[in-house]
Structures are given as C-alpha cells and as structure tokens.
Amino acid sequence: MSKQLAINKKLNNISVSVSPFVELLAVIYTLSNFGLNATRKNGKYLEDINNFFNKFKSHKAIKKFKELLQINSFKYDAPVELILNIETDSIPSEELLSRANLTIEKYNLLKEDILNFYKESNFEKFYVDNTKLYQNNIDTFISTIKSYSPDKYLFDFLNLSTTNLNIVLMHGVTTSNYGLNIDNTLHCMVRPYKLSRFNNMDFAFDLPYITSLILHEFGHSFINPLTDKYLEDDRINKTKLKTIMENHSYGDHYKTAINETIIRAIECNYIKNMFPNNYITFKQDYIEEGFDLIDELLEFYNKYTNDKKETETIEDYYKKLLEIFYK
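Okay, so let's go over this structure.

What counts, and at which threshold
- Residues numbered from 1 in each chain as written.
- Predicted model: local features only at pLDDT ≥ 70, side-chain atom pairs only at ≥ 80, totals over all residues.
- Heavy atoms only, no water.
- Helix = DSSP H or I, 4+ residues; strand = E, 2+ residues; numbered from the N terminus.
- Rg over C-alpha atoms; globule rule 2.2 N^0.38 Å.
- Contact = heavy atoms within 4.5 Å.
- Areas by Shrake-Rupley, 256 points an atom, 1.4 Å probe, with all protein chains shown as cover.
- Lys, Arg positive; Asp, Glu negative; His and termini not counted.
- Charge placed at Lys NZ, Arg CZ, Asp CG, Glu CD.
- Pairing = 2+ DSSP bridges.
- Axes fitted to C-alpha atoms, helices over the stretch in contact; angles between N-to-C directions.
- 1 Å grid on protein atoms, 1.4 Å probe; cavity = no way out; pocket = protein on both sides within 12 Å on 5 of 7 lines; lining within 4 Å.
- Points joined across faces, edges and corners; volume = space filled by probe spheres on them.
- Nonpolar A, V, L, I, M, F, W, Y, C, P; charged D, E, K, R; others polar.
- Salt bridge = Lys/Arg side-chain N within 4 Å of Asp/Glu carboxyl O.
- Buried < 20%, exposed > 50% of the residue type's maximum accessible area, 1.4 Å probe, protein only.
- Parallel < 35°, antiparallel > 145°, perpendicular 65-115°, else oblique.

## Describing the overall build of the protein
(1) Moving on: Tallying secondary structure elements over the protein gives 16 helices and five strands in all.
(2) Moving on: The C-alpha atoms of the protein give a radius of gyration of 20 Å, which matches the 20 Å a tight globule of 327 residues would have.
(3) Moving on: Projected onto its principal axes, the C-alpha positions of the protein cover 60 × 40 × 35 Å.
(4) Moving on: Long-range pairs, those at least 24 residues apart, make up 72% of the contacts in the protein between residues at least 6 apart in sequence.
(5) Moving on: Here the protein has roughly 15,600 Å² of accessible surface; of this, 45% comes from carbon and sulfur atoms.
(6) Moving on: For the protein, the distance from the average position of its 39 positive side-chain charges to the average position of its 44 negative side-chain charges is 4 Å.

Quick look at the structure:
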C-alpha cells in the first residue's frame, strides 16, 4: 500500500523520499496535540492536517499513541523508528519495544490499529493531494545540495561504503532530525529548517548545516558499531567527558558522548573542505557545546588520512582512536 505511494528520486547513490507512514505519524502527532512537534515554517501543512483529519481525534490509534507519548523513553526517535517498522513490515528491536513499554503482542495490536486508522481516515487521499508539494520539495532539496556530496566524503574518509541510503524529508514531524537503520537501510530523517527561502517549509536553507547533518546521521551507522566492538568501558576517562555530559542529556551513556564527538569531528573536517569560511565558527560552536576533544581528534584524523594504506579503513585505526578517550 505505502510502497506504491512513496515518492522518491535519486541523488547520486541516495534515495531522497517522502514516506507515507512518516507523514501519517505527523497526523497522529497533530491529533494528539504533541507539544514537542513544533511548527517550523510548515504551519499551512499542519493546518491542512487538522482540517482533513479533525473528526478522527478519538480514533483508537490516536488514543493509544497519546498514551505512548507520555512515556519519556519513547519520545523523539522512537516513534519514528516504530512507524518505519510498520511501513516496512519489519520486526521491532527489543530496545524499541522496551522504550515503548510494549510486548510484541501489544505492538502488533497497535500496528493493526494504525493500519486501520490509515484506511478509515482516507489518509491516501491526503497524501496524494499533497504529491505536488512533496515532489517540489524533493526537487528543490536535490538541486540545492547535489554539489556537496557529504555521503561521498564520509565514505572516502572511512574507506567504507553502503548502497542502502535514504534521506526522508519529514513535512509534519519536527521533533528533531534522526538517523535510523531499518533492515540495513540507513535513513537520514530531515525535518524542515526553522527558517525558509520560500513562503513554505525549506529543507536546505543552511547548506553547511544540512550537508553536515546528512554526514552525521549516516555516520552513526558506521561509527556506533565500531565503538560497540572496540570500546573498553573500564578505561574511559570520564573526567575528559565531563563537560559533554553536563551539557547534553546523555544520562550516564558515555558511549553516546564518544560517538557524538567522533562524528562531530568528522563533520568539522568536512566543513573545512567544503565550506572553509564556516569552519572556525562551526568547530567552535561544537567545542562550546562541550565537545572539547575535537581538536585532538582532528589531529588524529590528519595522521590517519596521511598514513593509511589504500586497503585500510577507519576500523584498522579505531583502537588507537579510542585511546583519546582513555588517557
């Protein structure tokens, strides 16, 4: 059903798309009055959602989802991951079920309710009615960023690659941007920017921001597994990560702070190459956010880039890289 509806076009090796089920999630958020889903130059679109679906506020799926959104661990990326699992008919991870406080049985019942809502609300008509908007935004996005290739820079730097890349433009989900791996397809979920060049939403207003964001979200799918594989938890120097942990809501997840620092430093290298006039400010903003190991990582990356052999990847140097977070 949704696979036939999905709109996508190619940007080199990346699919740029609008997902029917992510837009369905926007409807659910809107009918649930989900406060984190703020307007970002997409007010007309959200108004259209309200007008089209207003009479379905009491639908079983909406009531169930409103309850889920009260769970702190379920907010932000978890609803997006859940809806993509439904769209692709994938089995949800144990972590996702735990964050939603759902058993697999309850998940399947929720999935059934959401699919019923999709049909009963005539969502397909709403999606089709907005096809021109979706296509125009995809075309504008591609034409704006096509010369900057953040994915190519990332893969050249890591000396790793994948072909399953998907940028999803989220017209009505605005809680944040996300990087998700669903069935070995890497999804970079992009919300509208807070400013716009147009009278409507804009996904590529700030080129350094959006291109480094794509690099960042795709980067997690490579960096996180390497950290999981090689990090020696008992050697982490928590003092070196103190400022990051104070400035960000990572709880006691020091591994998250490490991954975020590693990827942000790669972003800085990318910005230095592609937007040199933005480099100093871009890097300094991250340092002021607490990522004060970035300069040390940039020194390591420079040596890695110069020393690595043609067949070597970042994995061959990863244990040495992690030493930065120990000593």
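## Comments concerning the sheet that holds strand β2 (residues 14–18)
(1) Moving on: Spatially, five strands are ordered β1-β2-β3-β5-β4 in an open sheet, and the strand pairing comes out mixed. Since the sheet does not close on itself, it has two edges, and those belong to β1 (7–11) and β4 (178–182), each with one partner. Put simply, the sheet's adjacent strands are angled 25 degrees from each other on average, direction ignored.
(2) Moving on: Two strands pair when backbone bridges link them, and β1 and β2 are joined in this way by five bridges, in the antiparallel orientation. If you follow Leu11 over to β2, its bridge partner there is Ile14.
(3) Moving on: Contacts from helix α9 (residues 131–145) reach β1, β2 and β3 (165–169) within the one sheet, and its direction differs from that of β1 by about 10 degrees.

## Overview of empty space enclosed by the protein
(1) Moving on: All told, the structure shown has two cavities of 30 Å³ or more when counted by the stated rule.
(2) Moving on: Taken as a whole, the largest cavity holds about 40 Å³ of empty space.
(3) Moving on: Lining of the largest cavity is provided by Leu11, Asn12, Ile14, Ile145, Lys146, Ser149, Pro150, Asp151, Ile167 and Ile214.
(4) Moving on: Looking at the lining of the largest cavity, its residues break down into six nonpolar, two polar and two charged.
(5) Moving on: Lining the second largest cavity, in full, are Asn177, Val190, Arg191, Tyr193, Phe203, Ala204, Phe205, Asp206, Tyr209, Ile210 and Leu213.
(6) Moving on: Considering each element in turn, the lining of the second largest cavity owes the most residues, three residues, to helix α11 (residues 207–230).
(7) Moving on: Classifying every residue of the lining of the second largest cavity by side-chain character gives eight nonpolar, one polar and two charged.

## Observations regarding the pattern of salt bridges
(1) Moving on: The full count for this structure, using the stated rule, is 16 salt bridges.
(2) Moving on: The salt bridge partner of Glu232 is Arg235, with a shortest N-O separation of 3.5 Å.
(3) Moving on: When its relative accessible area of 34% is taken as the criterion, Arg235 is described as partly exposed.
(4) Moving on: Salt-bridge contacts for Glu246 lead to Lys242; the nearest nitrogen and oxygen are separated by 2.5 Å. Of this pair, Glu246 and Lys242 both sit in helix α12 (residues 242–247), separated by four residues, roughly a single helical turn.
(5) Moving on: Residue classification places Glu246 among the exposed positions, given a relative accessible area of 52%.
(6) Moving on: Among the ionic contacts, a cluster of salt bridges with common partners joins Glu232, Arg235 and Glu323.

## Structural notes on the packing of helix α2 (residues 20–31) against helix α3 (residues 43–53)
(1) Moving on: Their axes nearest at 10 Å, the elements α2 and α3 cross at an angle of 75 degrees. Taken together, the axis directions place α2 and α3 in an arrangement best described as roughly perpendicular. Along its contact with α2, which presents Glu23, Ala26, Val27, Thr30 and Leu31, the element α3 presents Tyr45, Leu46, Ile49, Asn50 and Phe53.
(2) Moving on: When the residues that make up the contact of α2 with α3 are grouped by side-chain class, the tally is seven nonpolar, two polar and one charged.

## Quick notes on the pairing of β3
(1) Moving on: Extensive coverage of β3 is indicated by the burial of five of its five residues.
(2) Moving on: Judged by which residues are buried, β3 turns out to be covered on both faces: Leu165, Ile167 and Leu169 on one side and Asn166 and Val168 on the other are all buried.
(3) Moving on: As judged from the four bridges shared by β2 and β3, these two strands associate in the parallel manner. From the neighbouring strand, Ser15 faces β3, where its bridge partner is Asn166.

## Quick notes on the environment of Phe300
(1) Moving on: Structurally, Phe300 can be placed in helix α15 (residues 294–307).
(2) Moving on: Residue classification places Phe300 among the buried residues on the basis of a relative accessible area of 16%.
(3) Moving on: On a C-alpha basis, the gap between Phe300 and Tyr317 in space is 9.7 Å, while along the polypeptide they are 17 residues apart.
(4) Moving on: In this view, Phe300 contacts Tyr317, Lys320, Leu321 and Ile324; residues no more than four positions away in its chain are not counted.

## What to know about the environment of Met189
(1) Moving on: Relative to the helices and strands, Met189 is located in strand β5 (residues 185–190).
(2) Moving on: Aside from chain neighbours lying at most four places away, what touches Met189 is Val22, Val80, Leu84, Val168, Met170, Asn177, Tyr178 and Leu180.

## Thoughts on the layout of surface pockets
Summary: where empty space remains is shown by rolling a probe the size of a single water molecule over the atoms.
(1) Moving on: The calculated volume of the largest pocket comes to roughly 1,800 Å³.
(2) Moving on: For the largest pocket, the lining is made up of 43 residues, of which Asp77, Tyr178, Gly179, His220 and Glu260 are closest to its centre.
(3) Moving on: Here the lining of the largest pocket takes ten residues from α11, the largest share from any one element.
(4) Moving on: For the lining of the largest pocket, the class distribution of residues is 13 nonpolar, 17 polar and 13 charged.

Bear in mind that shape data such as this cannot, by itself, settle questions of function.
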